[in-house]
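# Coordinate inspection notes
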Amino acid sequence: MLVFALLCSAALAEDPLLDALQAELDRTMRAYEREEDGPYYLGYRVLENRHVRIGSRYGQPEPLIDRTSRTLDVSARVGTRERDSTHEVRGESFFGLGMHTGGSLPLDGNAAAIQTVVWAATNKEIRDAQERWARVQTDQQVRVEEEDQSADFSDEEPVVDPQDLAMLELEAWQETLASLSTRLDKHSGIVWSRASLTADTDNHYLVTSEGTSLRHPRTWYRIALTTQARAEDGTALNLYRWTDVREAERLPDRPTLEAWADELADFTTAVVEAPAGEPYAGPLILRGRAAGVFVHEVLGHRVEGHRQKGDDEGQTFKDKIGEQLLPPEISIIDDPRLETWEGFDLNGHYAYDQEGVPAQAAVLVERGVFKGFLMSREPIEGASKSNGHGRAQRWRQPVARMANTVLSTTKPVPYDKLRAQLKAEAKAQGREYGLIIDEIAGGFTLTGRMMPNAFNVRATYAWRVFVDGRPDQLIRGVDLVGTPLVALSQVVAAGDDPGVFNGFCGAESGSVPNSAVSPSLLIRHLEVQKKEKGSSRPPLLPKPSVGGDT
Amino acid sequence: MIALLALGVAQADPLVDALADELERSMGELELGESGAPYFVGYDLMDITYTDMDAVLGSVVQRSLVPKRKLGVSVRVGSALLDSANFQMTWRAQDGHRSRNTVLGDDGLSLRHTAWFETDAAYKDAIENLSRRVAARARSATGGEEAPCFGPGPVQTSTSEAVSPVPFGDLEPIAVPLSAVFLDYPEIEWSRVYTGAENGRRILVDSLGTRVIKPEVEVNVKVVARVRALDGSHATDQVSWSVSDLKTLPPLEEMVAETTRMAERLKAWKMSEIADEDYVGPVIFEGEAAVELTRKVIVPALVGTPPPEKPPSGSRTFLLPGNNNGTTMRVKRRLMPAGFHVRDDPGADPTLPSSFRFDDEGEAAKKLDLVVDGVIRTHYTSRTPSKEVTVSNGHGRGNPGKLKRGAPSITTVEVDRGLSSKKLHRLAIAQAAAYELDHYLVVRRLEDSAAAGASRLLIQVGGEKAGPLAQPIVAVKVFADGHEEAFRGYGFVGVDNRSLRDLVAGGSRSTTRTVRYAGSGTTGSTPVTLTAPDLLFSEMELTAGGDGGEKPPALPSPLASMQ
């Protein structure tokens, strides 16, 4: 390790940004080393980002977005690893909690400018930490002892790893997007549509007072097709089809995308004409991508380590280690090291988390038994170390978050058989039909104690599968709702058709990219509620491209 | 004949044609139940390329070049006497003005698609808003405003070429050296140079027959810096240049020199004594402080577009914040003492970005004598007029998709007998005697409160709203023998348009600045050029004391050890 660090330090010396960050960090720590309330930890995170988006509507180009920025995030901790300024102050306002000081850094290697921006932000962050440390100490004296007495910051090995900088590769996609957007606009019921390609090239830097010095790249491309329609009952329907990849070469080819555009346009028209769903409780199948989001919302957020610590948190799984949660053939891991799953790029891949800890696999459920939590550097009772899941967007304090959450089964059931099981289950429960949730737009969950500890998986559309053999019926306007322990206990079987949902997850540490992977799941009993709907009438006049010419 | 020719040229543009076609369809076919068809539909297409580049301490920190096409839609239902516009909006209810970014290219059908979608939504909004207004007036004891709702002038047609965008390469040689000035000033805690250009064209098409294509040109350079004194007080200062063409910026050496003067000024502010007692007595606003006073106090009193009509008190309607009441004064009221005049001439200097032939509603811009001998004679008026000026005088300004409000273009405050600096000094000393003072106060610069917020949005596009005067950055006590003592920490108390009656005299020297003006804050900001003489007030009240901010950084700036 020492040899590795020495070898790398030569390469790091050639990066003026890292040099400037290190110089200001050293100067600050030296100045505070004899101060009683000086920081015991100081970290500089820099996100160097180029964001490009090209798009097209109705065959015409949208304005190009092309932004380059370098943003600084300063993290200072005052106190000790056992108890420090980041500790929860009970009863304190949620607002501002976990926020870091930031700034815009020069795009070049101007050391004077970089250090001056860093200096001003460091001063503010340390002052914030000092002020908060005083409040933490008072809180500890005034209020009752906390249930979880674990430390505030784990001790981890510093890492030195300067990887190659990422470069953005742009392809001539505008013409393809124009063609796709024309196809999307072909039906009169589609009031708005877009084809777009977004690309981000990130270089993540981290320099800390513990000796960590990192530079690691990330590239991300998303091609997305969007349609919007409005049903006669006022429901606004937004349908998407997208894929995320790490290299432009892995984007789908034009014929594939054209087929997607045609399918989406046709399907938008079908969904807008479909009847609205009704409240339902009974058996259903979540197809792969929807099942992934179900796992993310029901289990994933509740096994984020820091949630086992807060007195306001529901702590659903805190004391469930060793308990059977799911059928014995099912396991769930979260592994940021995975780059792909069955040919699909995974959005949650990274080499190091935002606290500089190498990515590791976290086993959450093994053979149906709950095994452990996702961990950042905030220890909890029974878990004193990070497993590389400390994540945050810029200017936020990292907390444990999901990356690539993967549900797998040792007894995959062919999909046709799973569907037959659904009909049988519906019949056994005396239902007219079972439901298949095919596509979802996302979801959310509440994990605290003040509100119902519940989840909502937002279905785009669903199918009624009748037990008497009638053809399946498309419905819209339903969401999947429930509570975690009951929902997990109702999982009956998993299919042989793993699907990948790539997206971005929002929580207290901001928006972070992640993936959810799962085969279809048959669930014995779950509830579906009506989705909220708008009240605007569809446009009064036909759109100009469909007979509107004067 | 000329108008017809211009109309023909304008209609040759595929985008104008597309908007006109969709407008005709909307006016002819849009009708929902008994609510009636719109009586006015207007399209405002801003077709502009935004080029931005910011620099800090000799390095670029941000750059973007964004071609943008934004379509604003205005739909009015009802009649010119009672319509849907300018009634207070709520979180859910809009007033018939909408906007949306639209696609590039010359394909008219695509533009029509956006126009169709937004017109439909704006029409439905307008119907709801008129209904709310009618219901509110029925509840009101007075029955609402007597002013007409819509007052267009003669229909205009005109065309002009778009202006080409400014490339990054032209901004960097300005932004970088100006920002590098602060490398020599470790006392300055924060600095940033904002450069930006907005070049293109604006297309105005409406159901009255307006067909105007006008150029959009603006180049802004703004240097902002902040310093903190030992007692925690801080001051933010700025210098800025706003021109219509990069070539008309001053030579770089001159800009660097002015930036250096600002840095020195902030350094001096940090070291100056803090005022320890409140002040009541004569005050002279000199140079840029007089321009700032004009922007904050004089101009808002002359805006004719009334603030949005509100439901009567007692209504449970939850209103949107930001629509303030404004401070417009009625025509024939005295604003200033006799001998003072305020004029506006949009065509006074066509090279300025504040100059225009047609306003943002396509009305012909008119020269205005706003204040004559201290008395208000007219207002800056848009098509949403005041009770007394019922027809637009071509001063409607604002962003696409917003109700256009009356605003200045090139406004000059004049005084009949401007005094020399010496005479102004003698008069101020004489005025001070009445307050048993051996000195008077001169304010030379005010803090730019938008810049103090240090937000790019506020600094670059937010402009300055009407409101209280910011703290003076340069305030000196001037004694009878002419010597000066600089102080910091003063703040104005209760300066508004009533304070203008305490004007005693104006100087023979005038200062001109092109700045941004945001009016009531609901329409976006626009460039305006203001000229004002030094202004002596017989009495003004200022409180003393710092702002109680955070103490200076614990460590010296890294620049201190790099020099």
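The structure contained in this document is the topic of the report that follows. Each chain carries its own residue numbering, running from 1 in the written order of its sequence. Chains and ligands are labelled by the order in which they are written, letters from A for the one and numbers from 1 for the other. Per-residue local features are limited, in this predicted model, to residues with pLDDT of at least 70; the limit for side-chain atom pairs, both in listing and counting, is 80 or more; totals at the level of whole chains, interfaces and linings are taken over all residues. To obtain the side-chain values, all non-hydrogen atoms of the structure were included, while hydrogens and water were left out.

### With respect to the overall build of chain A
Summing up its helical and strand segments, chain A has 8 helices and 25 strands in all. For chain A, with 550 residues in total, the buried portion stands at 58%. Note on contacts: a residue pair is in contact if any heavy atoms of the two residues lie within 4.5 Å. Taking all contacts inside chain A whose residues are at least 6 apart in sequence as the whole, residues at least 24 apart take part in 78%. Per-residue and other accessible areas were derived by the Shrake-Rupley procedure at a 1.4 Å probe size, with only the shown protein chains allowed to occlude residues. Roughly 22,200 Å² of accessible area belongs to chain A as shown, and the carbon and sulfur atoms make up 52% of that amount. The sign given to each residue is positive for Lys and Arg and negative for Asp and Glu; His and the chain ends receive no count. Positions of charges follow a simple convention, taking NZ of Lys, CZ of Arg, CG of Asp or CD of Glu. One way to put it: in chain A the 62 positive side-chain charges average out to a point 5 Å from where the 83 negative ones average out. By the criteria applied, helices consist of DSSP H or I runs no shorter than four residues and strands consist of E runs no shorter than two, each listed in order from the N terminus. Exposure is judged per residue with a 1.4 Å probe applied to protein chains only, and the accessible area is read against the type maximum: over 50% gives exposed, under 20% gives buried, and values in between give partly exposed.

### Some words on the pattern of salt bridges
Residue and element names in this part refer to chain A. Each reported salt bridge corresponds to a side-chain nitrogen of Lys or Arg within 4 Å of a carboxyl oxygen of Asp or Glu. Counted according to the given criterion, the structure contains 86 salt bridges over all chains. Between Arg254 and Glu175 there is a salt bridge; the shortest N-O distance is 3.6 Å. Linking Arg254 in helix α5 (residues 254-273) with Glu175 in helix α4 (residues 174-184), this pair joins segments that are 79 residues apart in sequence. Within the structure, one salt-bridge network assembled from shared partners comprises Glu175, Arg183, Lys186, Arg254, Glu258, Asp262 and Asp266.

### Here's the deal with the sheet that holds strand β24 (residues 510-518) of chain A
Residues and elements named next belong to chain A. In this analysis, strands are considered paired if DSSP registers two or more bridges between them. One open sheet holds the 6 strands; their spatial order is β14-β13-β10-β17-β24-β23, and the pairing between them is mixed. Looking at which strands have only one partner, the edges of the open sheet turn out to be β14 (369-370) and β23 (499-507). Across 9 bridges, the pairing between β23 and β24 is antiparallel. From the neighbouring strand, Cys505 faces β24, where its bridge partner is Val512.

### A short note on the pairing of strand β18 (residues 433-445) of chain A
Residue and element names in this part refer to chain A. Two strands pair when backbone bridges link them, and strand β9 (residues 280-286) and β18 are joined in this way by 3 bridges, in the parallel orientation. Looking at the pairing, Leu286 lines up with Ile437 of β18. By the bridge criterion, 11 bridges tie β18 to strand β19 (residues 455-466) in an arrangement that is antiparallel. Within the sheet, the bridge partner assigned to Thr445 lies in β19 and is Phe455.

### Focus on the environment of Arg45 of chain A
All names here are of chain A. Relative to the helices and strands, Arg45 resides in strand β1 (residues 39-57). Arg45 sits 15 residues away from Gln60 along the chain, and the two C-alpha atoms are 39 Å apart. Polar side-chain contacts of Arg45 include one of 3.0 Å to the backbone oxygen of Gln393. Think of a polar contact as two N or O atoms within 3.5 Å of one another; within protein, one of them needs to be a possible hydrogen donor and the other a possible acceptor, and neighboring residues in sequence only count if both atoms come from side chains.

### Things to note about the nonpolar core
Working definition of a nonpolar core: buried Ala, Val, Leu, Ile, Met, Phe, Trp, Tyr and Cys residues. They are joined through side-chain atoms within 4.5 Å. Grouped together as the largest cluster of nonpolar side chains are 67 residues, with contacts concentrated most on Leu72 of chain A together with Phe182 of chain B. Among the elements that line this core, the one with the most residues is helix α3 (residues 111-142) of chain A, at 11 residues. If we ignore the near neighbours within four places in the chain, the residues touching Phe182 of chain B are Leu57, Ile188, Ser191, Val223, Ala225, Thr259, Met262, Ala263 and Leu559 of chain B. Core analysis: the second largest hydrophobic core is formed by 58 residues, Leu302, Leu335, Tyr440 and Ala505 of chain B among them.

### Some remarks on the environment of Lys533 of chain A
All names here are of chain A. Along the chain, Lys533 falls in the segment after β25 (521-530). A sequence separation of 427 residues divides Lys533 from Pro106, and the C-alpha atoms of the two residues are 46 Å apart. Excluding residues that lie within four positions of it along the chain, Lys533 makes contacts with Asp233 and Thr235. For Lys533, the side chain forms a polar contact with the main-chain oxygen of Asp233, separated by 2.4 Å.

### Brief notes about the packing of aromatic side chains
Residue and element names in this part refer to chain A. Planes of paired rings set the category: under 30 degrees apart is stacked, over 60 is edge-to-face and the rest tilted, where pairs are Phe, Tyr or Trp rings (Trp by its six-membered ring) whose centres lie within 6.5 Å. Under the counting rule described, the total for this entry stands at 16 aromatic pairs over all chains. Relative to Trp463, the ring of Phe267 has its centre 6.4 Å away and its plane inclined at 45 degrees; by these criteria the two rings are tilted. A residue pair is termed long-range when its members are at least 10 positions apart, and Phe267 in helix α5 and Trp463 in strand β19 qualify at 196 residues. Through successive ring pairs, a cluster of aromatic residues spans Tyr40, Tyr41 and Phe153. Sitting over a ring, as applied to charges here, requires NZ of Lys or CZ of Arg to be within 6 Å of the ring centre and within 35 degrees of the ring normal. Across the ring face of Tyr415, the terminal group of Arg287 is positioned such that the distance to the ring centre comes to 3.7 Å.

### With respect to the pairing of strand β9 (residues 279-285) of chain B
Residue and element names in this part refer to chain B. In terms of burial, β9 is a largely internal element, 6 of the 7 residues being buried. Pairing between β9 and strand β21 (residues 526-543): 6 bridges, direction antiparallel. Paired with Gly281 across the bridge in β21 is Met540. Note: β9 against strand β16 (residues 439-446), 3 bridges, orientation parallel. Along β16, the bridge assignment pairs Ile284 with Val442.

### Points about unusual backbone geometry
Residue and element names in this part refer to chain B. Despite not being glycine, Asn86 has its phi angle at roughly 60 degrees, a positive value. Considering the arrangement of structural elements, one finds Asn86 in the loop between β2 (59-76) and β3 (97-101). A positive phi angle, close to 50 degrees, is found at Asp373, a residue other than glycine. By the element assignment, Asp373 lies in the loop between β11 (368-372) and β12 (375-376). Judged by its relative accessible area of 36%, Asp373 falls in the partly exposed class.

### Quick notes on the interface of chain A and chain B
On the side of chain B, 53 residues touch chain A, which itself brings 46 residues to the contact. Taken together, the two surfaces of chain A and chain B that pack against each other cover about 4,300 Å², and 61% of this comes from carbon and sulfur. Counting every contact that joins chain A to chain B gives 1 salt bridge. The salt bridge involving Arg127 of chain A is made with Glu550 of chain B; its shortest N-O contact spans 2.9 Å. Where chain A touches chain B, the interface holds 20 residue pairs in polar contact (both at pLDDT 80 or more). Buried area is calculated as the accessible area (1.4 Å probe) missing from two parts once they are joined, with the contributions of both summed.

### Looking at the side chain of Arg246 of chain A
Residues and elements named next belong to chain A. Tracing the backbone shows Arg246 in the loop between β8 (236-245) and α5. Polar side-chain contacts of Arg246 include one of 2.7 Å to the backbone oxygen of Glu339. When neighbours within four sequence positions are excluded, Arg246 is seen to be in contact with Thr219, Tyr221, Glu339, Thr340, Asp345, Leu346 and His349.

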